[in-house]
Amino acid sequence: MATGYLDILKAPHAARLLTGTLVGRLPSATGHIAIVLFVRAEGGSYTLAGVLTALYGITTAIGQPLLGRAVDLFGQPRVQLPAALVSALGMVLFAAVGTGTPALAYPAVAVAGLFTPPLEGGLRALWPSVLGREDRVHRAYAMDAVAQEVMFTLGPLFVTLLVALWSPAAALLVINVIGVLGALSVVLSKPSRAWRSAPRQAHWLGALRSPGLLALLGAFLFIGMALGSITVAGVAYADDHGDESVYGWLMAALGLGALIGGTVYGSRQWTGVPERRLRGIVALLALCYLPLTLTPGVVAMTALSALAGVFLAPALACAFIVVDRHAPPGTVTEAFSWLVTTFGVGAALGTGVAGPAVEHGGTSTSFAVAGAGGFAALLVLLVTQRVLKAPTGPSDATIRTENDRSGAAQPGFSSGHQA
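These numbers were taken from a predicted model, which means no experiment stands behind them.

A. Spatial organisation of a nonpolar patch on the surface. Taken together, the side chains of Ile58, Ile62, Leu66 and Leu114 define a hydrophobic patch exposed on the protein surface, amounting to about 370 Å² of accessible area. Top contributing element to the nonpolar patch by residue count: helix H4 (residues 46-74), with 3 residues. Structurally, Leu66 is set in helix H4. The class for Leu66 is exposed, based on a relative accessible area of 57%.

B. How the structure looks around the pattern of salt bridges. Summed over the entire model, instances satisfying the criterion amount to 5 salt bridges. Notably, a salt bridge pairs Glu334 with Arg69, separated by 3.1 Å at the nearest N-O pair. One end of the pair, Glu334, is in helix H16 (residues 332-361); the other, Arg69, is in helix H4, with 265 residues separating them in the sequence. Since its relative accessible area comes to 23%, Arg69 is described here as partly exposed. Bridged by salt links that share partners, the residues Arg25, Glu120, Arg124 and Asp144 form one connected network.

C. Structural context of the packing of aromatic side chains. All chains considered together, the criterion is met by 6 aromatic pairs. Between Tyr141 and Phe320, the ring centres sit 5.9 Å apart and the planes meet at 75 degrees, which makes this aromatic pair edge-to-face. Placement of the pair is Tyr141 in helix H8 (residues 134-165) and Phe320 in helix H15 (residues 312-326), with a sequence separation of 179 residues. For the residue pair Tyr141 and Phe320, the accessibility class agrees, reading buried in each case. With a centroid separation of 6.5 Å and 45 degrees between ring planes, the pair formed by Phe220 and Phe343 is classed as tilted. Separated by 123 residues along the polypeptide, Phe220 in helix H11 (residues 211-240) and Phe343 in helix H16 bring together distant segments of the chain. Here Phe220 falls in the buried class, since its relative accessible area comes to 0%. Members of the aromatic cluster, connected to one another through ring pairs, are Tyr141, Phe320 and Phe336.

Calculation rules
Residues numbered from 1 in each chain as written. Predicted model: local features only at pLDDT ≥ 70, side-chain atom pairs only at ≥ 80, totals over all residues. Heavy atoms only, no water. Patch = residues over 30% accessible without salt bridge, like charges linked within 9 Å, V, L, I, M, F, W, Y side chains within 5 Å. Areas by Shrake-Rupley, 256 points an atom, 1.4 Å probe, with all protein chains shown as cover. Salt bridge = Lys/Arg side-chain N within 4 Å of Asp/Glu carboxyl O. Helix = DSSP H or I, 4+ residues; strand = E, 2+ residues; numbered from the N terminus. Buried < 20%, exposed > 50% of the residue type's maximum accessible area, 1.4 Å probe, protein only. Phe/Tyr/Trp six-rings, centres within 6.5 Å; stacked < 30°, edge-to-face > 60°.

Shown next, in the form of structure tokens:
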């Protein structure tokens, strides 16, 4: 099962790019936790911590597609590294001024979020030139989704360790220094320096002028909403059982399920149209959310949480393929960044909806929000089958690999576009 992933990592530059991207994304994966811990250590309220965390999330969501478009226009090194440096400086300023000077704290956090580099979208734009063959690129997308789950599982543990050994302020500084080093590793690599986006048609909507991409983003807004609601519902479930550690078990099980699902998905070579496969995966994802509403005992609930996570990584991996097929030429980094943004906005909406659901309907109702989000995503994919059926132009990946100056692409690569 792991043989396919090892084959990818043996490709020149692949391990470096994946590792550098994961390390570079450490601030965005753990920033919200580090902010909360820092604010509380400074004597700030939970409300202040929540507002600053929300500000960080919102500005990150705004910045990702904008910076992604800049990457498509100007290349990776000219955007990724300066953005990482500015974002880190924002967090350094926040750690220096603390919460006692709101006039500086709020802008500092906003800058840190707005300039978070779009490393995630950048890596997916690089895979075709690094790996060449379509099947290897698709497997890399699955590996990317699995690695993402690892980062979001281990990252928070790393932050809490830094806090325990040092301080919350030190944790803010360390994760951002590490993030800059990760971005530096990526942009100094040969594929990143050589990569150029395909020629693009000037249009103010950029990637969003693709109907297929809009349909996909609509679906993943609801999938993000489902995942966000589970984080709040899990807290309510832990409160019901009088043990805060239960929440950790549920989230760990959710991540474990995603790891298993992504690993199995990436071990197979899939045939057929990815848009149709995505509908099937999302249907299974929605179905696996429903048993959470039963809220059984802790052991059974942990098992159900693992089941709920199984189809998340495959859904993301398949979505990456669909994004690549539908992104207009020259907008691939921006398109991937829009997926990141939409998923994050959906998660924020999910947490906002699940809170009132707990208060008015109880824990079971809050878990029902996840099921509703899953089926809403499926409905979007079903209603938009026509626009998702077939991309209208040549793949951005195809054009990139044909023109890629790194020479890494193999002849005959095709991203799967069908006329």
